[in-house]
Amino acid sequence: MSVLVRCLVCSLLGVTLWIGAPARADDAKQARTLFERGLEEADATHWLQAAELFQQALALRDSPVIRFNLSSALGELGKLTEAVALLEALEQDKRTSAELMQRVTRDRALLRKRLASLTLRVDAEGVAWQLLLDEHELPREQIGVPIRVDPKLHYVSLREGERVLDDAQLELAEGETRELVLAGKVPPPVVAQRPAPLELTLVGFGDPSHDDGMSTRKRRVIWGVSVAAAAVAAGVVAGVMLANRDQGGGASSGDAFSPGRVGVRVPQ
């Protein structure tokens, strides 16, 4: 990387970096400063810092040299799809010099061999679904065909709105080819079962020994309930009779004691 970058600085920085529409002098100066700092970070194998500086320089000045060095830093970080996309764009860029084009073609071929291949299929008839790869929606035209992805851990989810129908995690190695099918069939709704109505059976007070097809245990329960009900009814009747007697006007006409007093009753 260091030899390549220094070569580019010597032969191309003075020409290719500044090809295109005229830029303001302060932007050009700042872009050069950021680019050179990115080269220093790349020499120290600080790829994340180098990539950030190259991106900042590219925002100020679009240049094939900056794009090439950015792709190199991204490749070292494992962001192969981004690096390959930059190189493929450089192959179509008329500003790319012949010397730079040789390095672009070579690096693109090497990076493509490191990419993994993933084919995603969906079994979700009649469902309005979305397929997401690493939280980014995958276009329908990319479903069912091999797509190039970075060799790393990926998360795939099939969703209907906010509901996840199916999902999976898969770790892909460099150059690996994998196929995954996600199912999106929605189970039928569960219908709540109503409880069966309570059936009451009236049984007459017959002979408990009579066999009417019921089990012995059931007959005993019915007889027990019947006896208890009869006892309760008898108690209610007795209570009513006692209440009527107490409310009948006190003692009989032959009683010489005044009602409602405590003590010895004296005949009048």
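Small disclaimer: the values here were computed from a predicted structure and weren't measured.

*Asks:* Can you lay out the overall build of the chain for me, pointing to particular residues and giving the numbers?
*Replies:* Along the chain, the regular secondary structure elements total 7 helices and 7 strands. Reading the chain from its N terminus to its C terminus gives the helix and strand order α-α-α-α-α-α-β-β-β-β-β-β-β-α. For the chain, restricting intrachain contacts to residue pairs at least 6 apart in sequence, the fraction spanning at least 24 positions comes to 55%. Just so you have it, the chain exposes about 17,800 Å², and 55% of that area is on carbon and sulfur atoms.

*Asks:* I'd love a proper account of the pattern of salt bridges, names of residues and values included.
*Replies:* Enumeration according to the criterion identifies 12 salt bridges in this entry. For the salt bridge of Glu88 with Arg148, the shortest nitrogen-to-oxygen distance reads 3.2 Å. Here Glu88, found in helix H5 (residues 80-92), pairs with Arg148, found in strand E4 (residues 146-149); they are 60 residues apart in sequence, far enough to count as distant. Taken together, the shared-partner salt bridges connect Asp62, Arg67, Asp93 and Arg95 into one network.

*Asks:* So what's going on with the sheet that holds strand E6 (residues 163-171)? Residues and values would help.
*Replies:* In spatial order, the strands read E3-E2-E5-E6; together these 4 strands make up an open sheet with antiparallel pairing. The sheet terminates laterally at strand E3 (136-137) and E6, the two strands that pair on one side only. Strand direction decides the pairing type here: strand E2 (residues 130-133) and strand E5 (residues 153-160), joined by 4 bridges, are antiparallel. Each residue of the ladder has a partner; that of Leu131, found in E5, is Leu158.

*Asks:* Account for the environment of Ala168, naming residues and giving values.
*Replies:* Of note, Ala168 is situated in strand E6. Put simply, Ala168 and Val181 are 13 residues apart on the chain and 9.7 Å apart in space, counted from C-alpha to C-alpha. Once residues within four sequence positions are removed from consideration, Ala168 is found in contact with His154, Tyr155, Val156 and Leu180.

*Asks:* Tell me what's going on with the packing of aromatic side chains, and back it up with residues and numbers.
*Replies:* For the coordinates displayed, the defined rule picks out 1 aromatic pair. Here the aromatic rings of Phe35 and Phe54 are separated by 5.7 Å at their centres, their planes lie at 45°, and the arrangement is tilted. Linking Phe35 in helix H2 (residues 25-43) with Phe54 in helix H3 (residues 47-60), this pair joins segments that are 19 residues apart in sequence. In this structure Phe54 comes out as buried when scored by relative accessible area, which is 0%.

Criteria and cut-off values
Residues numbered from 1 in each chain as written. Predicted model: local features only at pLDDT ≥ 70, side-chain atom pairs only at ≥ 80, totals over all residues. Heavy atoms only, no water. Helix = DSSP H or I, 4+ residues; strand = E, 2+ residues; numbered from the N terminus. Contact = heavy atoms within 4.5 Å. Areas by Shrake-Rupley, 256 points an atom, 1.4 Å probe, with all protein chains shown as cover. Salt bridge = Lys/Arg side-chain N within 4 Å of Asp/Glu carboxyl O. Pairing = 2+ DSSP bridges. Phe/Tyr/Trp six-rings, centres within 6.5 Å; stacked < 30°, edge-to-face > 60°. Buried < 20%, exposed > 50% of the residue type's maximum accessible area, 1.4 Å probe, protein only.

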